[in-house]
Amino acid sequence: MRYGSSARQRMSKMNEAKLIACHECDLLQWETALTDGGTARCQRCGATLYRSLPATFDRALALTVAAAILFAIANCFPVVGLWVNGTLVNTTLFGAASSLYADGMWAIAGLVFVTTILMPALNIAAVIYLLLPLQLGGFPQKPEIVLRVLRHIAPWGMIEVLMLGLLVALVKLQHIASVVPGVAIWAFGAVMVLLAAAAVTFNPRDSWARIGGVRNNTDVSYGVAASSSTTATGARAGLFTCHHCDLLSKPPAHAHGASCPRCNASLHLRKPDSLKRTWAFTFAAMILYIPAALLPIMVTSTLFGAQSDTIISGVVYLWTTGSWSLAVIVFIASVVVPMLKILSLTYLAWSTQLRSALIPRERTRIYRIVEFVGRWSMLDIYVITILVALVQFGSVASIEAGPGAIAFGAVVVLTMFAALSFDPRLIWDAVELERE
Ligand SMILES: [Zn+2]
Ligand SMILES: [Zn+2]
């Protein structure tokens, strides 16, 4: 985007239009009014900048309260039951995590607890905390802290992956005994739909604008016109995008350790130590991928001996027993996604390190995909959790989690951290450098 005289004229009307910087390439753009349901995309990298949604905080609150009630039900009732010799054995989700913990698999138990119980619960609680006072005509206390926390919680709640995991577990359990889907499985399904609908009606951008209050009106338009011959980016204009609330602001010159005027987070032009951290997490994931693929993730003991299952043999089992579609889903989620993620992150970190200016748009898209699909690799962890909890029939048959599962869980978490550490604006910084 280049600024000619018409742009300067528009800048003089800055009270009507708002300047924003793309969170993926740092290009400065003017916010424009959208039709309802419209989406504004970055003209340089194609990132979704914002969506126009009818401001319906009361609808978001209603959906979230409904999700809270169903989430409580989902956690009080069994997810799956198994008929064994005339008795029904069943487990709640928390019970399943506890049995992993009791087996000494505390790392996986913790991962399951955090991603399916703690984070969704915090997410629901935070939204209700923010919206209920507004509905009652008041105002929430310290909304900026809660909104910041909410942003960091969101990627770690994985109810939709849990649902798929429960489905795969049901299919696997059918081969062992007669399966009874519990009340909780339906409740979790409803929670998944309600949370998705609530997330659409309650987007952080609108909530900052309404709840963030007086500190929204930072004048950031000056300084942009000075660089009329080059691409106008936030960095070039000395404008910082807050990594916690997305507010664009201009800290006072020579300010040491400037902080966001709206949410008080410390400001950085780019994510601090982005490449170093991406490399470190990706390397660790690369190394742990080997034991994750080779060591057993599950050990089944029966009267006739013990049988170990790796990720691949689990896929083969699904395939040979006729569950082809599930075999393909598990193969993609557990084998293809982690491998592609590690390769993509390596490529992104490496090309950015070399300041490559090649195909920046495509590389930004790779980053976007990696960030989006990573969570689905948790699938196998949830399947193991349910199987371990239910198949405990003393010496007749029992399933335990194997060391491969710990390595696999670590790979999923490390690649998620790597993707969160990577700053796609570094890709575009190299493009700028090339152009000069
Ligand atoms: Zn962009
Ligand atoms: Zn902020």
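Calculation notes
- Residue positions are counted from 1 within each chain, in the order its sequence is given.
- Labels are handed out in written order, letters beginning with A for the chains and numbers beginning with 1 for the ligands.
- With the structure being a predicted model, the display of local features is reserved for residues of pLDDT at least 70 and the display and counting of side-chain atom pairs for 80 or more, all residues being used for whole-chain, interface and lining totals.
- Think of the side-chain values as coming from all heavy atoms in the structure, minus any hydrogens and water.
- Distances up to 2.8 Å from the metal define which N, O and S atoms are donors, and 3.2 Å serves for Na, K and Ca; water is absent from the atom set, so sites may look incomplete.
- Square planar and octahedral assignments, for four and six donors respectively, both demand that opposite donors be over 155 degrees apart and that all other angles lie between 65 and 115; tetrahedral needs four donors with all angles between 85 and 135 degrees, and anything else is irregular.
- For the purposes of this entry, the term helix denotes a DSSP run of H or I that reaches at least four residues, the term strand denotes a run of E that reaches at least two, and both are numbered from the N terminus.
- Think of it in three bands: residues with accessible area under 20% of the maximum for their type are buried, residues over 50% are exposed, and the middle band is partly exposed, with areas taken using a 1.4 Å probe on protein chains only.
- Working definition of a nonpolar core: buried Ala, Val, Leu, Ile, Met, Phe, Trp, Tyr and Cys residues. They are joined through side-chain atoms within 4.5 Å.
- Per the annotation, domain bounds derive from an automatic or database assignment of domains.
- Whether two residues are in contact is decided by their heavy atoms: any pair within 4.5 Å suffices.
- UniProt positions are given in the numbering used here, feature names are shortened, and annotations may be inferred rather than shown by experiment.
- We define a salt bridge as a side-chain nitrogen of Lys or Arg found within 4 Å of a carboxyl oxygen belonging to Asp or Glu.
- A pair of strands counts as paired when DSSP detects no fewer than two bridges linking them.
- Here an angle of 0 to 180 degrees is reported between the N-to-C directions of two axes, which are lines fitted to C-alpha atoms, with helices fitted over the stretch in contact.
- Given the number of residues in a helix, its expected span is that number minus one, multiplied by 1.5 Å.
- Between N or O atoms, a polar contact is any pair within 3.5 Å; within protein, one atom must be a potential hydrogen donor and the other a potential acceptor, and residues adjacent in sequence are included only when both atoms are from side chains.

Draft legend 1. Examining the coordination of the zinc ion (ligand 1) more closely. The coordination sphere of the zinc ion (ligand 1), as far as protein atoms go, consists of Cys22 (SG), Cys25 (SG), Cys42 (SG) and Cys45 (SG), spread over 2.2 to 2.4 Å. Coordination at the zinc ion (ligand 1) comes from 4 donor atoms whose angles at the metal span 102 to 114°, giving a geometry best classed as tetrahedral. In primary-sequence terms, the residues that donate to the zinc ion (ligand 1) follow C-x2-C-x16-C-x2-C. Here cysteine 25, found in the loop between β1 (19-21) and β2 (28-30), pairs with cysteine 45, found in the loop between β3 (39-41) and β4 (48-51); they are 20 residues apart in sequence, far enough to count as distant. Given a relative accessible area of 1%, cysteine 25 falls into the buried group. When its relative accessible area of 2% is taken as the criterion, cysteine 45 is described as buried.

Draft legend 2. Spatial organisation of the nonpolar core. Of all hydrophobic cores here, the largest spans 82 residues; its most connected members are Val80, Leu82, Ile108, Leu173, Phe188, Met378 and Ile386. Per-element accounting of this core gives the leading share, 11 residues, to helix α6 (residues 159-174). For this core, the two domains that each supply at least three residues are domain 2 (54-212) and domain 3 (271-436). For phenylalanine 188, the contacting residues outside a window of four places in its chain are Phe71, Ala74, Asn75, Val79, Leu93, Ile159, Leu162 and Met163.

Draft legend 3. Highlighting the UniProt feature "transmembrane region" (unreviewed entry) in the protein. Mapped onto this numbering, the UniProt entry gives "transmembrane region" (unreviewed entry) at residues 60-84, 104-132, 153-171, 183-202, 279-304, 324-351, 372-393 and 405-422. The distance separating the terminal C-alpha atoms of residues 60-84 is 43 Å; by composition the span is 68% helix and 20% strand. Between the end C-alpha atoms of residues 153-171 there is a gap of 31 Å, over a span that is 74% helix and 0% strand.

Draft legend 4. Representation of the pattern of salt bridges. Taken as a whole, this structure holds 9 salt bridges when the rule is applied. We note a salt bridge from glutamate 24 to arginine 368, for which the minimum N-O separation is 2.7 Å. Of this pair, glutamate 24 sits in the loop between β1 and β2 while arginine 368 sits in helix α12 (residues 360-373); the two residues are 344 residues apart in sequence, bridging distant segments of the chain. Among the residues examined, arginine 368 registers a relative accessible area of 23% and is labelled partly exposed. We note a salt bridge from aspartate 423 to arginine 425, for which the minimum N-O separation is 2.9 Å. By relative accessible area, which is 1% here, aspartate 423 ends up buried. Each of Asp26, Arg270 and Asp429 takes part in a single network of salt bridges with overlapping partners.

Draft legend 5. Main features of the sheet that holds strand β7 (residues 178-181). Read across the sheet, 3 strands follow the order β6-β5-β7 without closing on themselves; strand pairing throughout is antiparallel. Edge strands, defined here as strands with exactly one partner in the open sheet, are β6 (87-91) and β7. For this sheet the average axis-to-axis angle between neighbouring strands, irrespective of direction, equals 25°. Of the strand pairs in this sheet, strand β5 (residues 80-84) and β6 are connected by 5 bridges, and their pairing is antiparallel. Counterpart to valine 80 in the pairing with β6 is threonine 91.

Draft legend 6. Fine view of helix α14 (residues 403-421). A rise of 1.5 Å per residue sets the reference length of α14, with its 19 residues, at 27 Å; its end C-alpha atoms lie 27 Å apart and thus fit the reference within 8%. Buried residues dominate α14, accounting for 14 of its 19 residues.

Draft legend 7. Here's a closer look at the environment of alanine 430. Among the structural elements, alanine 430 can be located in helix α15 (residues 425-435). In this structure, alanine 430 is in contact with Arg355, Ser356 and Ala357, ignoring residues within four places of it in sequence.

Draft legend 8. The arrangement of the environment of alanine 177 in detail. One can find alanine 177 in the loop between α6 and β7. In this structure, the C-alpha to C-alpha distance between alanine 177 and glycine 81, residues 96 residues apart in sequence, is 9.8 Å. When residues no more than four places from it in sequence are discounted, the contact partners of alanine 177 are Leu82 and Trp83.

Draft legend 9. How the structure looks around the side chain of arginine 262. If you trace the backbone, arginine 262 turns up in the loop between β9 (248-249) and α9 (274-294). Of the polar contacts made by the side chain of arginine 262, one reaches the backbone oxygen of cysteine 245; its length is 2.8 Å.

Draft legend 10. Examining the pairing of β5 more closely. Taken across its 5 residues, β5 has 4 buried, putting it largely inside the fold. Relative to β7, β5 is paired through 4 bridges, and the arrangement is antiparallel. Residue valine 80 lies in a different strand from β7, and its bridge partner there is proline 181.

Draft legend 11. Looking closely at helix α7 (residues 183-201). A rise of 1.5 Å per residue sets the reference length of α7, with its 19 residues, at 27 Å; its end C-alpha atoms lie 27 Å apart and thus fit the reference within 8%. Listed as buried for α7 are Ala184, Ile185, Ala187, Phe188, Gly189, Val191, Leu194, Leu195, Ala198 and Thr201. Tucked inside the fold, the buried residues of α7 contact α2 (57-76), α3 (93-102), α4 (106-135), α6 and β7.

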